[in-house]
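Residue strings, one per chain:
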Amino acid sequence: MKGARLLLFAAVPVVVTASVYLLAPEDPGAGGAGPDLSKAYRSQAAQDAKGAQGAKSWAERSEGSRRAEDEAVIADLPPGLTDPAKKELAQQLVASAENSTLDWRSAYAYIEDIGDGQGYTAGIIGFCTGTNDLLTLVEGYTKAHPGNGLAKYLPALRAVDGTDSHEGLDPGFTAAWKAEARVQAFQKAQDTARDRVYFDPAVRLAELDGLGALGQFVYYDAMVFHGPGTNATSFYGLRERALRKSDSPTEGGSEKDYLNTFLDIREDAMRTKHPGIDTSRVDTAQRRFLNDGNLDLRTPLEWQVYGETFKVP
């Protein structure tokens, strides 16, 4: 349904373009006087422009209506990961896989190149110099706090975006990141970027798909690891493939069956992108909770990531 709506909106400018082309005045240099269609052309172009504006307004109203409907659905659901205690648990679970700790706040200052082809990985959610999210974070932070310790690296960050290069960043960038991570405003900026790009979109989609706290975390962790892209190995691509193979709870399917399908597709994507990768963040954590039937992420929890055991009482 969503895809069909997008196709409808995309078709509007195509229709307008076609009508203008068909009614274009005859080229006077092509021979023959021909009828003067310029007036009709201008009139039709004006009508098309008016129609396009009307279609845009209709699309905006439609989108607003759908968002209102979505908000009404979400408002009637249990809080899931939007509950502060569950959100805290979600950050601990991610930190166990990203930084081998439950103390996720200790990762504000984390930065290293882990050799995954994405440059430096840094901060509470693994912002990367090669994947645009770190650049966007520093740009936004600098706009709000000019003269911070990372601002001078913005030209270099723009230059290396999309690559694994350290050019212009070494040797001082890692030290500057760690120093800035002690500033409360930069910690808040990391929290805000995490929620805006990863947590909020993942949880919202999971809620609309009828998933409880575990399913919301499954989406969130996939968004963090795979990134919010639409290709086959990015989050939105994974979700689209899962929905084609299995009905979500909103579509009348089993929550457990759907999540198993999603995790199967996710693990396959992990191995496709990184052959030989350790998939324990799925196998001995999320899949374990799912097999135990713990769809609400009730505590106590115990899980393993990369051979290390973690517990939340």
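Rules used throughout
- Residues numbered from 1 in each chain as written.
- Predicted model: local features only at pLDDT ≥ 70, side-chain atom pairs only at ≥ 80, totals over all residues.
- Heavy atoms only, no water.
- Core = buried A, V, L, I, M, F, W, Y, C linked by side-chain atoms within 4.5 Å.
- Buried < 20%, exposed > 50% of the residue type's maximum accessible area, 1.4 Å probe, protein only.
- Contact = heavy atoms within 4.5 Å.
- Helix = DSSP H or I, 4+ residues; strand = E, 2+ residues; numbered from the N terminus.
- Polar contact = N/O pair within 3.5 Å; in protein donor to acceptor, adjacent residues only side chain to side chain.
- Axes fitted to C-alpha atoms, helices over the stretch in contact; angles between N-to-C directions.
- Parallel < 35°, antiparallel > 145°, perpendicular 65-115°, else oblique.
- Left-handed = near helix turned anticlockwise from the far one by under 90°.
- Pairing = 2+ DSSP bridges.
- pLDDT = per-residue confidence, 0-100.
- Phe/Tyr/Trp six-rings, centres within 6.5 Å; stacked < 30°, edge-to-face > 60°.

(A) Focus on the nonpolar core. Core analysis: the biggest nonpolar cluster contains 72 residues, and Phe 173, Trp 177, Tyr 220, Phe 262 and Leu 297 have the highest contact counts within it. Excluding residues that lie within four positions of it along the chain, Leu 297 makes contacts with Leu 81, Lys 86, Leu 89, Leu 93, Ala 213, Leu 214, Phe 217 and Phe 289.

(B) Broad picture of the side chain of Asn 294. By the secondary structure assignment, Asn 294 is in the loop between helix 11 (280-291) and strand 4 (301-305). At 3.0 Å, the side chain of Asn 294 forms a polar contact with the backbone nitrogen of Leu 297. Apart from residues lying up to four places away in sequence, Asn 294 is in contact with Leu 214, Phe 289 and Leu 301.

(C) Quick look at the packing of helix 8 (residues 213-226) against helix 10 (residues 255-273). Between helix 8 and helix 10, the least distance of the axes is 11 Å, while the angle of their chain directions is 15°. If you check the angle between helix 8 and helix 10, you find them roughly parallel. In this structure, helix 8 meets helix 10 at a crossing whose hand is left-handed. In this structure, helix 8 contributes Gly 215, Val 218, Tyr 219, Asp 221, Ala 222, Phe 225 and His 226 to the contact, and helix 10 contributes Tyr 258, Leu 259, Phe 262, Leu 263, Arg 266, Ala 269 and Met 270.

(D) Quick peek at the sheet that holds strand 1 (residues 111-112). Spatial strand order, 1-2-3: three strands in an open sheet with antiparallel pairing. The sheet is open, and its two borders are formed by strand 1 and strand 3 (127-128), each paired with just one other strand.

(E) How the structure looks around the confidence of the model for the protein chain. On average, residues of the protein chain carry a pLDDT of 85, and 76% of them reach 70 or more. Here residues 1-42 scores under 50 on pLDDT; set against residues more than four positions off or in separate chains, the count is 25 contacts.

(F) Broad picture of the packing of aromatic side chains. By the definition in use, this model includes 14 aromatic pairs. Ring centres 6.3 Å apart and planes at 40° place the aromatic pair Tyr 120 and Phe 173 in the tilted group. With Tyr 120 in the loop between strand 1 and strand 2 (121-122) and Phe 173 in helix 6 (residues 173-180), this residue pair connects regions lying 53 residues apart in the sequence. The class for Phe 173 is buried, based on a relative accessible area of 0%. Taken together, a centroid distance of 6.4 Å and an interplanar angle of 75° make the contact between Phe 217 and Tyr 220 edge-to-face.

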